[in-house]
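Take a look at the letters that make up each chain.
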Amino acid sequence: RLVSDWSSDVCSSDLSPAGAPTRAGPLRSRGRRWGGDHQARPIIFTGESVRGILAGTKTQTRRVVKYHPALGEPEAWCAAALNPQSSFAAIAGDYRRFSPYGAPGHARDDGAGAHLYVKEACCPHYFDDGRPGYRADWNRVRMRGIAPEPKWKRPLYMRRSESRITLEIVSVRVERVQDISEEDARAEGVPRDTEPCDHVRQSCADIGCMGRTHRASFASTWEAINGKRAPWTVNPFVWVLGFRRVP
């Protein structure tokens, strides 16, 4: 696709006189209909990630960029958005407004970043007082012989009222997943890889080995979670979300 094609992809009803979209399409408006914290949108995390958030070691997450009705396929618009010589910004404005997870600053009336509520595996009404139990807190070894493991509800079906973690978006950007830095890999909450390299005749630089780094550990974690739909080797575009936990 050509960059000039985007002028026909953005509907005229979505454009302000200056040519910038005034809304982010259905993905943007959909989050405003939820009750309670009406600006909060759901985001699913694994148990390991939840533990990292609670411990304060995880302050970033990466999610695959998907097709957007106003922008088209990510391979085209993401590359143009990151190209300073492209006319993308003049046509579509700040691409962060199209983030399905919200963006910092302008997403709420109080000027704070958009809020996300964490969906994780849980067991509703696990405790006598009606509070839910969370799989991320369950220790199979410690609880063996004390209490049977409950039947966990999948994160997808978790209700807003059952969520215990709310996050505030502090930064949003788009990049290739392999462009993650060592510092950002540490912010993803993954430990440093401690496995020794298994190549003896070639250096890490010669074969692209990341060695004993946080990046290597993140690459393995990414492949375990997203290997089937967006493998590391494909190097997909991702939304990079920086966040802080709301007390």
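Asks: Is there a simple way to explain the nonpolar core in this structure?
Replies: Nonpolar side chains tend toward joint burial in soluble globular proteins. With 29 residues, the main nonpolar core has Phe45, Trp77, Leu167, Val174 and Trp239 as its most contacted residues. At the level of elements, helix 3 (47–55), helix 4 (74–81), helix 5 (88–92), strand 3 (115–119), strand 6 (166–176) and strand 7 (237–245) are the ones that each hand at least two residues to this core. Once residues within four sequence positions are removed from consideration, Phe45 is found in contact with Val50, Ile53, Lys58, Thr61, Arg63, Val118, Lys119, Glu120, Leu167 and Phe243.

Asks: What exactly am I supposed to notice about the side chain of Ser163 here?
Replies: Relative to the helices and strands, Ser163 resides in the loop between helix 6 (140–143) and strand 6. With relative accessibility at 13%, the residue Ser163 sits in the buried group. Of note is the side chain of Ser163, whose polar atom sits 3.3 Å from the backbone oxygen of Ile165. What Ser163 contacts, discounting residues up to four positions off in sequence, is Tyr117, Val118, Tyr134 and Met158.

Asks: I'm lost on the sheet that holds strand 2 (residues 60–64) in this one. Help?
Replies: What holds strands together in a sheet is hydrogen bonding between their backbones, with the strands either parallel or antiparallel. With respect to topology, five strands assemble into an open sheet ordered 1-3-6-7-2, the strand pairing being mixed. Bordering the open sheet on either side are strand 1 (41–44) and strand 2, each of which pairs with just one other strand. On average, each strand axis in the sheet is tilted by 45° relative to the strand beside it, whichever way the strands run. Bridge count between strand 1 and strand 3: four bridges; the pairing is parallel. Opposite Ile44, over in strand 3, you have Lys119 as the bridge partner. Together, strand 6 and strand 7 form the strand contacts of helix 4, whose direction differs from that of strand 7 by roughly 65°.

Asks: Explain the confidence of the model for the protein chain to me, please; I cannot follow it from the model alone.
Replies: Caution applies to low-pLDDT parts of the model: their predicted coordinates are not meant to be read in detail. Averaged over every residue, the pLDDT of the protein chain is 79; the share at 70 or more is 73%. Counted against residues more than four places away or in other chains, residues 1–37, with its pLDDT under 50, gives 67 contacts.

Asks: Help me understand a nonpolar patch on the surface in this model?
Replies: On the surface, a cluster of nonpolar side chains totalling about 300 Å² of accessible area is made up of Ile44, Leu156 and Tyr157. Considering the arrangement of structural elements, one finds Leu156 in the loop between helix 6 and strand 6.

Asks: Teacher, can you tell me more about the pattern of salt bridges here?
Replies: When their charged atoms lie close together, side chains carrying opposite charge are able to pair. Counted by the stated rule, this structure contains 13 salt bridges. Among the salt bridges present, the one from Arg62 reaches Glu175, with a minimum N-O distance of 3.1 Å. Of this pair, Arg62 sits in strand 2 while Glu175 sits in strand 6, and the two are 113 residues apart along the sequence. Each member of the pair, Arg62 together with Glu175, is buried. We note a salt bridge from Glu120 to Arg164, for which the minimum N-O separation is 2.9 Å.

Asks: Quick question: what am I supposed to make of the packing of aromatic side chains here?
Replies: Geometrically, a pair of aromatic rings is defined through the distance of the ring centres and the angle of the planes. This structure, assessed with the given rule, holds 10 aromatic pairs. Ring centres of Phe45 and Phe243 lie 6.2 Å apart, and the angle between their planes is 65°; this geometry places the pair in the edge-to-face category. Of this pair, Phe45 sits in the loop between strand 1 and helix 3 while Phe243 sits in strand 7, and the two are 198 residues apart along the sequence. Note on accessibility: Phe45 and Phe243 belong to one class, buried. Between the aromatic rings of Trp77 and Tyr95, the centroid separation amounts to 6.2 Å while the plane-to-plane angle is 50°, which identifies the pairing as tilted. Of this pair, Trp77 sits in helix 4 while Tyr95 is found in the loop between helix 5 and strand 3, placing the two residues 18 residues apart along the sequence. Since its relative accessible area comes to 1%, Trp77 is described here as buried. Members of the aromatic cluster, joined through ring pairs, are Trp77, Phe88, Tyr95 and Trp239. Looking at Arg63, its charged tip hangs above the ring of Phe45, at a distance of 4.8 Å from the centre. Its guanidinium or amino end placed over the ring of Tyr134, Arg164 lies 4.0 Å from that ring's centre, counting from NZ or CZ.

Asks: Which parts of the structure should I look at to understand helix 9 (residues 214–226)?
Replies: With 13 residues, helix 9 should cover 18 Å at 1.5 Å per step; its first-to-last C-alpha distance of 18 Å lies within 8% of that length. Buried within helix 9 we find His214, Ala216, Ser217, Phe218, Ala219, Trp222 and Asn226. Looking at the buried positions of helix 9, the neighbouring elements they touch are strand 2, helix 7 (182–187) and strand 7. The N-terminus of helix 9 is capped by Thr213, whose side-chain oxygen sits 3.5 Å from the backbone nitrogen of Arg215.

Definitions and limits used
- Residues numbered from 1 in each chain as written.
- Predicted model: local features only at pLDDT ≥ 70, side-chain atom pairs only at ≥ 80, totals over all residues.
- Heavy atoms only, no water.
- Core = buried A, V, L, I, M, F, W, Y, C linked by side-chain atoms within 4.5 Å.
- Buried < 20%, exposed > 50% of the residue type's maximum accessible area, 1.4 Å probe, protein only.
- Helix = DSSP H or I, 4+ residues; strand = E, 2+ residues; numbered from the N terminus.
- Contact = heavy atoms within 4.5 Å.
- Polar contact = N/O pair within 3.5 Å; in protein donor to acceptor, adjacent residues only side chain to side chain.
- Pairing = 2+ DSSP bridges.
- Axes fitted to C-alpha atoms, helices over the stretch in contact; angles between N-to-C directions.
- pLDDT = per-residue confidence, 0-100.
- Patch = residues over 30% accessible without salt bridge, like charges linked within 9 Å, V, L, I, M, F, W, Y side chains within 5 Å.
- Areas by Shrake-Rupley, 256 points an atom, 1.4 Å probe, with all protein chains shown as cover.
- Salt bridge = Lys/Arg side-chain N within 4 Å of Asp/Glu carboxyl O.
- Phe/Tyr/Trp six-rings, centres within 6.5 Å; stacked < 30°, edge-to-face > 60°.
- Lys NZ or Arg CZ within 6 Å of the ring centre and 35° of its normal.
- Expected span 1.5 Å × (residues − 1).

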